[in-house]
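Close look at the chain arrangement
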Amino acid sequence: MKNTNVLISGAGIAGITLAYWLRRHGFSPTVVERAATIREGGYKIDIRGAALEVVERMGLLEEIRSMRTDVRAGSVVNAAGKRVASMDGDTFGGRVHGDAEILRGDLHRMLYERTKDDVRYVFGDSIASMNDVADGVEVTFASGQTGVYDLVVGADGLHSVTRAMAFGPEERFLRDLGHYISIFSVPNHLNLDREELTYIGPGRTALTYSTAKDTDAKAMLLFSSGPLSHDQRDRSQQEQILHDAYAREGWEVPRMLDGMAGAADFYFDSLSQVHMERWSEGRVVLLGDAAYCASPASGQGTSLALVGAYVLAGELAAADGDHEAGFEAYEREMRAFVDANQKLGPSNIKQMVMRTKGQVRFSMVMLSLISRLPGKEKMLAKVVAPIHKAANAISLKNY
Ligand SMILES: Cc1cc2nc3c(=O)[nH]c(=O)nc-3n(C[C@H](O)[C@H](O)[C@H](O)COP(=O)(O)OP(=O)(O)OC[C@H]3O[C@@H](n4cnc5c(N)ncnc54)[C@H](O)[C@@H]3O)c2cc1C
């Protein structure tokens, strides 16, 4: 097989899953991650449709099910903390057909544990420059180390440096959805046990959740805003943005903001999508959010990463390592699946953040009514039907 020496930039869900499948097909991947260790943060995420098949083929489905969040109930609360609408966890989370819900960090750790003995990981470093050389790519890292690789995969997320180097500045590819998201651990002041609470204010939503296994709770803040100029690497600036955005909100929000400073797993980013005409250029190819971020609003970012990694590794192997044929087939297999899932982002966000006080009031009344209807499960299943259609919009080959 050709081109077995592959450099992957980014040890996220996409990068690690790709490393796993490349190893299984006989490649030798190296993963370089800018952070000092894997970034285990994040809220709970769903693995649906084709992605369930991928984790099953990795032998991870049982473990994922054993680590399920086991959410029992979801409620919408008002500013005084009163539960105005409550449903069972599956109905509230729109889970059907055996979808698996797990904390993103638990899945990330599981994937890393599965690969760490077979894959070379380099933490605390990143690609500083790339040059095409005969039959390869010469890479210089920020640490000053250099190496020549047959192929380079950019799995380094929404703000991919690999994409910027091979395709151009991110402004050309990012589509802003007009919102920001932050996720971090907070003390479990409310003593939540497998229950999720959602507070909806005008333009600002706040959620909190805790599993039985966690001593902490997770907080998620989601607010509408035009583009903000801030430094991606400056956490204190991002915390200030959140303090300003949520200054007038009630309920548990002030305590969430107080707890934010102590969180080791703070995450903040815009809700944006990546749209590109091509995902490869020469010996460089993009994967996951770097190539086709659908945004957390789609609920499908992790599933896209898992499926994309499986398909990219599989098509490269099927092409006997020929990158031109392999990359072309990866794109051909994935394009419609990506399009279907990206369409979910802009429509879902309208149900997650209400623009005006009137909309908040209306949605509270509606949710309260729906939560009391006997046939609510069927009604909500219709609402999530588009997600399930998109999650299954690909037939996986057996590579
Ligand atoms: C800490 C964290 C929490 C998240 N929480 C949620 C959530 O709760 N819900 C949700 O829907 N989505 C969340 N996401 C996004 C979600 O993980 C992705 O949409 C999806 O899993 C696809 O992952 P990815 O591997 O393509 O990108 P990412 O998950 O963004 O992973 C990219 C990886 O590349 C690394 N990296 C970045 N730049 C460089 C560089 N220059 N060199 C080397 N490495 C680099 C990053 O540190 C990261 O580990 C989160 C992402 C992160 C990083």
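Quantities reported herein were computed from a predicted structural model and do not represent experimental measurements.

To continue, consider the sheet that holds strand 5 (residues 83–88). Pairing within the open sheet is mixed, and its 7 strands lie in the order 5-4-13-14-15-12-16. In this open sheet, the two strands that pair with only one neighbour each are strand 5 and strand 16 (267–274). This sheet shows a mean twist of 20° between the axes of neighbouring strands, independent of strand direction. Contacts from helix 13 (residues 357–372) reach strand 4 (73–77), strand 5 and strand 13 (195–201), with the element oriented near 45° to strand 5.

Lining the immediate environment of the ligand, one finds 28 residues, of which Glu33, Tyr43, Arg104, Ile183 and Asp289 sit closest. Contact between the ligand and Ile13: an oxygen atom at 3.3 Å from a main-chain N or O atom of the residue. Separating an oxygen atom of the ligand from a side-chain N or O atom of Arg39 is a distance of 3.3 Å. Here the ligand loses 94% of its free accessible area of 930 Å² to cover by the protein chains. Per-element tally for the shell around the ligand: the top contributor is helix 10 (residues 301–318), with 3 residues.

Another point: helix 12 (residues 344–352). Looking only at helix 12, the buried set comprises Leu344, Gly345, Asn348 and Ile349. In a view along the axis of helix 12, the buried residues occupy a sector of 120°, so they form one face of it. Turning to helix 12, the residues buried within the fold contact strand 12 (174–187), strand 15 (216–224), strand 16, helix 11 (323–342) and helix 14 (376–391).

Take empty space enclosed by the protein next. All told, the structure shown has 3 cavities of 30 Å³ or more when counted by the stated rule. Considering only enclosed or pocket space, the largest cavity measures out at about 80 Å³ in volume. Taken together, Val186, Pro187, Asn188, His189, Leu190, Leu192, Thr208, Ala217, Glu252, Arg255 and Met256 make up the full set of residues lining the largest cavity. Looking at the lining of the largest cavity residue by residue, the class counts come to 6 nonpolar, 3 polar and 2 charged.

Before going further, it helps to spend a moment on the domain arrangement of the chain. Here the domain parsing of the chain yields domain 1 (5–68 + 100–174 + 272–345) and domain 2 (73–98 + 177–270 + 356–390). Each of domain 1 and domain 2 has a C-alpha centre, and these two points are 28 Å apart. Taking both partners together, domain 1 and domain 2 bury about 2200 Å²; carbon and sulfur atoms supply 57% of that area. Where domain 1 touches domain 2, the interface holds 1 salt bridge. Ionic pairing is found between Lys44 and Glu196, a salt bridge with its closest N-O pair at 2.9 Å. On inspection of domain 1 and its partner domain 2, the count reaches 8 residue pairs in polar contact (both at pLDDT 80 or more). Of all the secondary structure elements, the ones that give two or more residues to the side of domain 1 that touches domain 2 are strand 3 (44–47), helix 3 (61–66), strand 6 (100–103), strand 16, helix 11 and helix 12. When the residues that make up the side of domain 1 that touches domain 2 are grouped by side-chain class, the tally is 10 nonpolar, 10 polar and 8 charged.

Counting buried positions along strand 12 gives 10 out of 14 residues, so the element sits mostly inside the fold. Taken together, the 9 bridges between strand 12 and strand 15 define a ladder with antiparallel strand orientation. Note that in strand 15 the partner of Ser185 across the bridge is Lys218.

Time to look at helix 5 (residues 104–115). The first and last C-alpha atoms of helix 5 sit 17 Å apart over 12 residues, in line with the 16 Å expected at 1.5 Å per residue. Packed against the buried residues of helix 5 are helix 1 (13–24), strand 3, helix 3, strand 6, strand 7 (120–123) and helix 10.

The next subject is the sheet that holds strand 7. Spatial ordering of the open sheet is given by 7-2-1-11-18-17, a layout of 6 strands whose pairing is mixed. Each edge of the open sheet is held by one strand with a lone partner, namely strand 7 and strand 17 (280–281). Strand direction decides the pairing type here: strand 11 (residues 151–154) and strand 18 (residues 284–286), joined by 3 bridges, are parallel. Its bridge partner being in strand 18, Val152 is matched across the sheet by Val284. Packed onto the sheet, helix 11 meets strand 11, strand 17 and strand 18 and runs at close to 15° relative to strand 18.

Turning our eyes to something else, we now look at the environment of Glu331. Structurally, the position occupied by Glu331 is in helix 11. Measuring from C-alpha to C-alpha, the distance between Glu331 and Ala294 comes to 16 Å, with 37 residues separating the pair along the chain. With sequence-adjacent residues up to four places away left out, Glu331 is seen in contact with Glu277, Arg278, Trp279 and Ser280.

On the surface, a cluster of nonpolar side chains totalling about 390 Å² of accessible area is made up of Phe362, Val365, Met366 and Leu369. With respect to the secondary-structure elements, Val365 resides in helix 13.

One pass over the structure, following the stated rule, counts 15 aromatic pairs. Measuring from centroid to centroid gives 5.9 Å for Phe223 and Tyr246, while their planes differ by 85°, and the two rings are edge-to-face. Placement of Phe223 in strand 15 and of Tyr246 in the loop between helix 7 (235–245) and helix 8 (253–260) is noted, with a sequence separation of 23 residues between them. As far as the burial class goes, Phe223 and Tyr246 line up, both buried.

Thresholds, definitions, all that
- Residues numbered from 1 in each chain as written.
- Predicted model: local features only at pLDDT ≥ 70, side-chain atom pairs only at ≥ 80, totals over all residues.
- Heavy atoms only, no water.
- Pairing = 2+ DSSP bridges.
- Helix = DSSP H or I, 4+ residues; strand = E, 2+ residues; numbered from the N terminus.
- Axes fitted to C-alpha atoms, helices over the stretch in contact; angles between N-to-C directions.
- Contact = heavy atoms within 4.5 Å.
- Near = heavy atom within 4 Å.
- Polar contact = N/O pair within 3.5 Å; in protein donor to acceptor, adjacent residues only side chain to side chain.
- Areas by Shrake-Rupley, 256 points an atom, 1.4 Å probe, with all protein chains shown as cover.
- Buried < 20%, exposed > 50% of the residue type's maximum accessible area, 1.4 Å probe, protein only.
- Arc of directions from axis to C-beta.
- 1 Å grid on protein atoms, 1.4 Å probe; cavity = no way out; pocket = protein on both sides within 12 Å on 5 of 7 lines; lining within 4 Å.
- Points joined across faces, edges and corners; volume = space filled by probe spheres on them.
- Nonpolar A, V, L, I, M, F, W, Y, C, P; charged D, E, K, R; others polar.
- Domains from an automatic or database assignment.
- Buried area = accessible area lost by both parts, 1.4 Å probe.
- Salt bridge = Lys/Arg side-chain N within 4 Å of Asp/Glu carboxyl O.
- Expected span 1.5 Å × (residues − 1).
- Patch = residues over 30% accessible without salt bridge, like charges linked within 9 Å, V, L, I, M, F, W, Y side chains within 5 Å.
- Phe/Tyr/Trp six-rings, centres within 6.5 Å; stacked < 30°, edge-to-face > 60°.

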